[in-house]
Amino acid sequence: QEQLLESGGGLAQAGESLRLSCTASERTFNNNALGWFRQAPGKEREFVAAMGWSGTSTYYADSVKGRFTISRDSAKNTVYLHLNYLKPDDTAVYYCAAHYFGSLNYACAYNNWGQGTQVTVYS
């Protein structure tokens, strides 16, 4: 499988912002929806946001709607997740994934995952 490379995690105070990046191959970027999931310690992996393969449709979990934004740069084959107004509950490992089949908000619908990037938010 073609690799997804994530970057941009780190430490932030509540209310601050971070930007995560996910760079895919040109083929993956142009043919697959890309999504972001997160997993906190002791919890299941949960859907955060996704963007359709054409870049015209976006989807968000209710918990991040209005705070997080997904965007893309086609010239760089990169999808971004802008994390604004961060809360301690946003602390998790964030994963980028390429969609394969099924509903975009289900982890089982994705068949190619990045290595994850840690986001830690303190109050």
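Residue numbers run consecutively from 1 along every chain, following the written order of its sequence. Per-residue local features are limited, in this predicted model, to residues with pLDDT of at least 70; the limit for side-chain atom pairs, both in listing and counting, is 80 or more; totals at the level of whole chains, interfaces and linings are taken over all residues. Working from all heavy atoms in the structure, the side-chain values ignore hydrogens and water.

## Concerning the layout of surface pockets
Reasoning step 1: Both cavities and pockets are sets of points on a 1 Å grid over the protein atoms alone; in a cavity a 1.4 Å probe fits but cannot get out, in a pocket the set is open with protein on both sides within 12 Å along at least five of seven lines, and lining residues sit with an atom within 4 Å of a point. Grid points are joined across faces, edges and corners, and a volume is the space filled by probe spheres set on the points. When its volume is computed, the largest pocket comes out at roughly 150 Å³.
Reasoning step 2: Lining the largest pocket are Gln1, Glu2, Arg27, Thr28, Asn31, Asn32, Ala98, His99, Tyr100, Asn111 and Asn112.
Reasoning step 3: When residues of the lining of the largest pocket are assigned to their parent elements, the largest contribution, three residues, is made by helix α1 (residues 26–31).
Reasoning step 4: Amino acids outside the nonpolar list (Ala, Val, Leu, Ile, Met, Phe, Trp, Tyr, Cys, Pro) and the charged list (Asp, Glu, Lys, Arg) are all regarded as polar, and Gly is one of them. Across the lining of the largest pocket, the residue classes tally to two nonpolar, seven polar and two charged. Secondary structure counts use DSSP, requiring at least four H or I residues in a row for a helix and at least two E residues in a row for a strand, with both numbered from the N terminus.

## Structural notes on the pattern of salt bridges
Reasoning step 1: For salt bridges, the criterion is a side-chain nitrogen of Lys or Arg within 4 Å of an Asp or Glu carboxyl oxygen. Under the definition given, this model contains five salt bridges.
Reasoning step 2: The partner of Asp90 in a salt bridge is Arg38, and the shortest N-O contact between them spans 2.9 Å. Placement of Asp90 in the loop between β8 (78–83) and β9 (92–99) and of Arg38 in strand β4 (residues 34–39) is noted, with a sequence separation of 52 residues between them.
Reasoning step 3: You can call Arg38 buried: its relative accessible area is 6%.
Reasoning step 4: With a closest N to O distance of 3.2 Å, Lys65 and Asp62 form a salt bridge.
Reasoning step 5: Several salt bridges converge on common partners, so that one network encompasses Arg38, Glu46, Arg67 and Asp90. Categorising residues by exposure relies on relative accessible area from a 1.4 Å probe, with only protein chains included: less than 20% of the type maximum marks a residue as buried, more than 50% marks it as exposed, and the intermediate range marks it as partly exposed.

## Re the packing of aromatic side chains
Reasoning step 1: Two rings from Phe, Tyr or Trp (for Trp, the six-membered ring) form a pair when their centres sit within 6.5 Å of each other. Planes less than 30 degrees apart are called stacked, planes more than 60 degrees apart edge-to-face, and all others tilted. Inspection of the entire model under this criterion finds five aromatic pairs.
Reasoning step 2: Taking 4.9 Å as the distance between ring centres and 80 degrees as the angle between the ring planes, the aromatic pair formed by Phe37 and Tyr110 counts as edge-to-face. Within this pair, whereas Phe37 is found in strand β4, its partner Tyr110 is found in strand β10 (residues 110–113), the two being separated by 73 residues in sequence. With respect to class, Phe37 is no different from Tyr110; both count as buried.
Reasoning step 3: Through a chain of ring-to-ring contacts, three or more aromatic side chains come together here, namely Phe37, Phe47, Tyr95, Tyr110 and Trp113.
Reasoning step 4: The lysine or arginine in question, Arg45, covers the ring of Tyr95, its NZ or CZ lying 3.8 Å from the ring centre.
Reasoning step 5: Remark: a charge is flagged as sitting over a ring if the NZ atom of Lys or the CZ atom of Arg is within 6 Å of the ring centre and within 35 degrees of the ring normal. We note Arg45 situated over the ring of Trp113; from NZ or CZ to the ring centre the distance is 4.7 Å.

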